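# A look at the structure
Listed here are the chains, written in short residue letters.
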Amino acid sequence: MDSPPTVDEVFKQICMLYYYSDSAEREKADKWLIKYKNSIYSWSISEELLQQKRDENSCFFAAQTIRNKVQSSLMQLPSNSHKTLRDSLIMHITREENQLVLTQLTVAVADLVLVMNEWENPVTDLLQMLAERSTLSLLGILARIPEEIQSKNLRLGKNRKQEVHKQFMASTPKLLEFLFGCFSTVDESNEKLYNGVMACYNSWLDIDVIPPHIFIENPITEHIFHILLEPDSKLFHHDTSTDCLCSFLSCLEAASIANKLDSTLSAKIYNKIYSLKTSYRTTITKNQRYKMMNYCRIFTVMAEAYLSRMVSCAEIPHYTIGALDLLLMCDDYSDYEVCEITLNFWYSLGEELLRQNNNKLTMQFKPYVDRLMVVLYKHAQIDYCTDGLINRNDDFGYFRSKVADLIRDMMFIVGSNRCFNKMYEILTDTDSIWIETESALFVMQIAAKNLVYDENDTVQKVIEAILNMPEHCHIALRHTSITLLGELSSWIDNHSDILETILNFLNYFIQQNTDLVPAAITALTLICATSKQKMIKYLNELMVIAKYLDILNVSTELAIDLLKSFALVVSCLPRQHLEIALREIVSFQLQPLALLVEDPNATPESIPQNKRSDPIYWIDCVCVIIQYTVSNIFPIEVHPSKQLLIELWPLLSSILNKYQSNVRIMERTCRLLKYSIRILHKQVAPLVEPLVKHMVNLYSIQHHSCFLYLASVLVSEFANIKEYTSGLLEMVQAFIDPTVFMLREENGLENNSDIVDDFFRLCSRFIDSSPVSFLQSKFVTYVFQCAIHSCIIDHREANFSVMNFLGNLLKYGRTTKFELTECRPIVKDIAEQNGESLVVNLLNASVFHLDKYMLPDVAEVFYELKIVLTEKVLKEFLIKALNMLPKVSCYGLITARQEQLDDFVNTVLTGNSAKAISDALREFALLYR
């Protein structure tokens, strides 16, 4: 925007955006306003719009614009005008009544506190400026400040965060004095002031600037405990007090882990919270469900805060283990939603005990976990009035899946056999009703996989009970029983005398084609996979199921799992019978697939997903059969799948041609070819040339990344064979131009992460298979430069492929690669010519684009580059790259001090491992975030 617009022009565009019905005019106004907001003129015009108050929309737009500009464009203003901006915003806040506008202005001031370096004592100044004029506005700003510290809209950097944290620590006494003063004047009629004080207190607790000893002894905390101890306190006050206490306990957890918490104070806090036990019981008698959930939250967060102490001593139980009694008291309540609050803690406890692997310590917790198992069994019970099966996608179904995960994770503490036998006692209770029986079987199926069968004589009785259940028992009970049979597949494998009876039982429910089919199919799948050798006897019956599988009431995933298990059974056949059986089971999939390909009405655009008329279903079925039909043959023998695949190629070729615009079908077809190549290895050689031609032609038109992935599989198998190397290099070269064109477009990396991932995986595998030929190719430098350009992509898998390629290539510049000495000068030359731009992009990626968990991959590249280049050259590249990084942030704050830059360079140059460099990168990136 070259010239400043008038206020009237801006207001007109705002009205067009909010009030016009013509979408074209609104879009035009939106584009104009985006340019306006990015211009320097928007500061003063937004100020005028706030002063004039023409309407709510213009005021909101102006306030939002100022907030956004404080967050991203403060350097547009000279530093001597920041104070004026601050005073203006505060003035508007004291006069504004519209809550939406007020929120935007409040956030803007809170952000200004964090980014305005010359504002040395912001909390003290705000107290002086606003305490008398507008207490509520002041509380709103103070509550927002801690929330904005971790805002993704601000990139404060580690140095600035440390500075403001010191400021806030120093200002905490005055802040608390103000809050205590406000609180002393609060009465029941002044709800807004009460809410403001409590919200502000909670917010500052979150950033850990209020020491535990001050928290535990001040009037607001006394009030919090008074509210929580008072049976008839208002629910809103109860909620607010709970939030504050949980915020404090979350900070306490970090102090407890770091052993920075005084033991006397720790015990005092623990006892104070434990005293809420009586209040919780009172809420049960009064049926105050939401208050119950609040207490459960408090007890759970306290248990998490004290977990490190709880598991610190294997000899004598730590007193904090008593927190588990509080949790189990909550868990024992009849509402499963109360119990659900505690589940994450129990997960954490199980993980910690498993990590420590100390039997004495584990035994301390066994009684509690025993009680937990009984509680979970009760909560897993279905509503007695349920007619059909549980809906796994509703709240209770989701809860039951979490219960199953927790029981599975905690089973090592109580023992699978003990748990199984405990549930069996419930089964044999003559007074139990069907929902109790079903829940017991549900727990038993979780324990079943890890049973020590020599020590358990109840399994036979359980199976007999399942097989003899009344025909008209509840469908949910039948479903769980059938599922348990599948989980007992290992026991069935060791007791083959009952195998046929169980197979007939399952087959009966499969033939009924009711809602029990999925459970029966799943059980049959597990039994086939476990007893594959014994299942050969029943192969004819399995073939019948395979033939009519597509008409059964079963999902695609279950059908494919079943075919997978059938393939494992077929694999056990003698060599002379295996190919016949393989052809038969594959033919059931190929016939309908061929009909779809030949059908002129089955176009790529008219395919219904997840239906049997979708080619993907049949392709996936063929794929899983070929993938899991494992033949124990010698490498010199012809694989039983070879001739089948060669005969299948014309059909696959037709699929690739007909459905080339459908990425789903292309991906599944390439997946089938991928597994075929990996199974047949060099025996797939007759298909290499036609397949390469097909992929190159289709990729030039459709740009599907699956062709690149399939190409990488071919490279892994054939690039090290001389007669195929040049052809595969030509294939890679044919892929380069279309790929680079896409990646160089605007947002090309973000829009094509799968292309980035598969292209650089292909190049990396070529280096692995035939390093000399790849490094001597005429396009290697071009690909290296493309990888440098792609460093900043923030997609996890794609970035890993880029970094893996760079590191893989640079490895061949090592002096230790004696067998490939001709590679060393090539790599050294590439590194010297492109090293500076590589270091620049790696640092930019680390600082501005990548999540911290991705930095170890970047460190691997730095480590390899360090080995290839001399220390002098790498130091020069690092210094140049660091000098290109911004010295100050967009707020005018110093990003990194010179000694921090020097430390980073020294760490990279002297680090003797990729991990050392990774740690340095992580710390360095924090300076800019």
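The following paragraphs examine the structure supplied in this document. Residue numbers run consecutively from 1 along every chain, following the written order of its sequence. Given that the model is predicted, a residue must reach a pLDDT of at least 70 before its local features are reported, and side-chain atom pairs must reach 80 or more before they are shown or counted; all residues, however, enter totals for whole chains, interfaces and linings. Heavy atoms throughout the structure, all of them, feed into the side-chain values; hydrogens and water do not.

## Examining the overall build of the protein
Under the convention used in this document: Here a helix means four or more residues in a row that DSSP labels H or I, a strand means two or more in a row labelled E, and each is numbered from the N terminus. Working definition: with a 1.4 Å probe on protein chains only, accessible area under 20% of the residue-type maximum means buried, over 50% means exposed, and in between means partly exposed. Throughout, a residue-residue contact means that at least one pair of heavy atoms, one from each residue, lies within 4.5 Å. Every accessible area reported is derived by Shrake-Rupley at a probe size of 1.4 Å, with residue values counting cover from the shown protein chains alone. Counting rule for charge: Lys and Arg are taken as positive, Asp and Glu as negative, and neither His nor the chain ends is counted. For charged residues, the charge sits on one atom: NZ in Lys, CZ in Arg, CG in Asp, CD in Glu.
Along its length, the protein carries 48 helices and 0 strands. Overall, the protein is about 95 × 80 × 65 Å in size when its C-alpha atoms are taken along their principal axes. In the protein, buried positions account for 54% of the 929 residues. In the protein, once contacts between residues fewer than 6 apart in sequence are set aside, the share between residues at least 24 apart is 75%. On the protein, roughly 41,600 Å² of surface is accessible, and the fraction owed to carbon and sulfur atoms is 50%. Of the charged side chains in the protein, 87 are positive and 112 negative; the average position of the first set lies 4 Å away from that of the second.

## So, helix 5 (residues 82–95)
The condition that has to hold: Given the number of residues in a helix, its expected span is that number minus one, multiplied by 1.5 Å.
Look at helix 5: 20 Å from first C-alpha to last across 14 residues, which is about the 20 Å you get at 1.5 Å a residue. Contacts from the buried residues of helix 5 go to helix 3 (42–52), helix 4 (56–72), helix 6 (99–115), helix 7 (122–130) and helix 8 (135–149).

## A few points about the environment of Glu557
Here Glu557 is to be found in helix 31 (residues 556–570). On the basis of relative accessible area, Glu557 is assigned to the exposed category, the value being 53%. In this structure the C-alpha to C-alpha distance between Glu557 and Ile792, which are 235 residues apart in sequence, comes to 36 Å.

## Quick notes on the nonpolar core
What counts, and what does not: Throughout, nonpolar core names a set of buried Ala, Val, Leu, Ile, Met, Phe, Trp, Tyr and Cys residues whose side chains join them through atoms within 4.5 Å.
By size, the foremost hydrophobic cluster in this structure holds 349 residues, and its most contacted members are Leu126, Leu142, Phe168, Phe299, Leu524 and Phe805. With sequence-adjacent residues up to four places away left out, Phe168 is seen in contact with Val113, Leu114, Val123, Ile145, Ile149, Trp204, Ile207 and Val209.

## Overview of the packing of helix 9 (residues 158–184) against helix 12 (residues 219–229)
A pair of packed helices is characterised by two quantities: the angle between their axes and the separation of those axes. This is how the line gets drawn: Each axis is a line fitted through C-alpha atoms, and for a helix only the stretch in contact is used; angles between axes span 0 to 180 degrees, taken between their N-to-C directions. Roughly parallel means an angle under 35 degrees; roughly antiparallel means over 145; roughly perpendicular covers 65 to 115; every other angle is labelled oblique. Gly falls in the polar group here, along with every residue not listed as nonpolar (Ala, Val, Leu, Ile, Met, Phe, Trp, Tyr, Cys, Pro) or charged (Asp, Glu, Lys, Arg).
Where helix 9 contacts helix 12, the axes come no closer than 9 Å and their chain directions differ by 50°. By the angle class used here, helix 9 and helix 12 are oblique. Together, Leu179, Phe180 and Phe183 of helix 9 and Pro219, Ile220 and His223 of helix 12 make up the contact between the two elements. Taken together, the residues of the contact of helix 9 with helix 12 break down into 5 nonpolar, 1 polar and no charged.

## Considering a nonpolar patch on the surface
Rules: Every patch collects residues that have over 30% relative accessible area and no salt bridge, joining them within 9 Å if they carry like charges and within 5 Å if they are nonpolar side chains (Val, Leu, Ile, Met, Phe, Trp, Tyr). Here, a salt bridge means any Lys or Arg side-chain nitrogen found within 4 Å of an Asp or Glu carboxyl oxygen.
A surface patch of nonpolar side chains, about 330 Å² in accessible area, is lined by Tyr18, Tyr19 and Tyr20. Here Tyr20 shows up in the loop between helix 1 (7–19) and helix 2 (23–38).

## Remarks on the side chain of Arg67
Here is the rule we go by: Polar contact is defined as a pair of N or O atoms within 3.5 Å, subject to the rule that within protein one atom must be able to donate a hydrogen and the other to accept it, and that residues adjacent in sequence are counted only when both atoms are side-chain atoms.
Position of Arg67 relative to the elements: it lies in helix 4. Of note is the side chain of Arg67, whose polar atom sits 3.0 Å from the side chain of Gln104. Residue contacts for Arg67: discarding those within four places in its chain leaves Gln104, Val107, Ala108 and Asp111.

## Concerning the packing of helix 8 against helix 10 (residues 191–206)
The following threshold applies: By definition, any crossing whose near helix is turned counterclockwise from its far helix by less than a right angle is left-handed, and any crossing with a clockwise turn is right-handed.
Relative orientation of the contacting elements helix 8 and helix 10 amounts to 25°, with a least axis distance of 8 Å. Comparing their axes, helix 10 and helix 8 come out roughly parallel. The handedness of the crossing between helix 8 and helix 10 is left-handed. Side by side, helix 8 and helix 10 meet where Thr135, Leu136, Leu139, Leu142, Ala143, Pro146 and Glu147 of the first sit next to Lys192, Leu193, Gly196, Val197, Ala199, Cys200, Ser203 and Trp204 of the second. In the contact of helix 8 with helix 10, the residues fall into 10 nonpolar, 3 polar and 2 charged.

## What to know about the packing of aromatic side chains
One pair of aromatic rings is described through two measures. These are the centre distance and the angle between the planes. Counted only if it meets this: Aromatic pairing here means that ring centres of Phe, Tyr or Trp (its six-membered ring) are within 6.5 Å. Orientation follows from the plane angle: under 30 degrees is stacked, over 60 is edge-to-face, and everything else is tilted. Think of it as a cone above the ring: NZ of Lys or CZ of Arg counts as a charge over the ring if it is within 6 Å of the ring centre and within 35 degrees of the ring normal.
Per the stated rule, a full pass over the model turns up 30 aromatic pairs. Ring pairs connect the aromatic residues Phe759, Phe760, Phe766, Phe774, Phe779 and Phe805, which therefore count as one cluster. Looking at Lys682, its charged tip hangs above the ring of Phe718, at a distance of 5.9 Å from the centre.

## Quick word on empty space enclosed by the protein
To find the voids left in a structure, one rolls a probe of water-molecule size over its atoms. Operational definition: Grid points spaced at 1 Å over the protein atoms alone were grouped into cavities, where a 1.4 Å probe fits but cannot get out, and pockets, open sets with protein on both sides within 12 Å along at least five of seven lines, with lining residues defined by an atom within 4 Å of a point. Grid points are joined across faces, edges and corners, and a volume is the space filled by probe spheres set on the points.
Tallied over the full model, the rule gives 1 cavity of 30 Å³ or more. Within this model, the largest cavity holds a volume of roughly 30 Å³. Taken together, Lys642, Leu645, Ile646, Leu680, Gln683, Val684, Ala685, Pro686 and Leu687 make up the full set of residues lining the largest cavity. Ranked by the residues each element gives to the lining of the largest cavity, the list is headed by helix 34 (residues 642–658), at 3 residues. When its residues are assigned to classes, the lining of the largest cavity shows 7 nonpolar, 1 polar and 1 charged.

## Regarding the layout of surface pockets
Of the pockets and cavities examined, the largest pocket occupies roughly 790 Å³. Lining the largest pocket are 25 residues, with Arg392, Phe442, Gln445, His479 and Thr483 sitting closest to its centre. At the level of secondary structure, the elements contributing two or more residues to the lining of the largest pocket comprise helix 21 (395–414), helix 23 (434–448), helix 25 (475–487) and helix 28 (517–530). Class assignment of the residues belonging to the lining of the largest pocket gives a composition of 9 nonpolar, 8 polar and 8 charged. Lining the second largest pocket are 26 residues, and of these Gln99, Leu102, Leu136, Ser137 and Gly140 lie nearest its centre.

## Here's the deal with helix 40 (residues 753–769)
Here helix 40 contains 17 residues, and its C-alpha end-to-end distance of 24 Å stays within 8% of the 24 Å for a straight helix at 1.5 Å per residue. Judged by how many residues are buried, helix 40 sits mostly within the fold: 14 of 17 residues are covered.

## Section: the environment of Asn359
Mapping Asn359 onto the fold places it in helix 20 (residues 359–379). Residues Asn359 and Ser81 lie 278 residues apart in sequence; the distance between their C-alpha atoms is 66 Å.

## Observations concerning the pattern of salt bridges
As a working rule, side chains carrying opposite charge can pair if their charged atoms are close by. Taken as a whole and assessed by the stated rule, the structure comprises 39 salt bridges. Across the salt bridge formed by Arg583 and Glu647, the nearest N and O atoms sit 3.0 Å from each other. Taken together, the residues Arg583 in helix 32 (residues 575–598) and Glu647 in helix 34 connect sequence positions 64 residues apart. Judged by relative accessible area, which is 44%, Glu647 ranks as partly exposed. Put simply, Asp919 and Arg922 hold a salt bridge, and the shortest N to O gap is 3.5 Å. With Asp919 and Arg922 both in helix 48 (residues 914–926) and 3 residues apart, the pair spans about one turn of that helix.

## A look at the side chain of Gln71
With respect to the helices and strands, Gln71 occurs in helix 4. Among the polar contacts listed, one links the side chain of Gln71 to the side chain of Asp111, at a separation of 2.8 Å. Residues contacting Gln71, with those up to four places away along its chain left out, are Val107, Asp111, Glu148, Asn153, Leu154, Cys890 and Tyr891.

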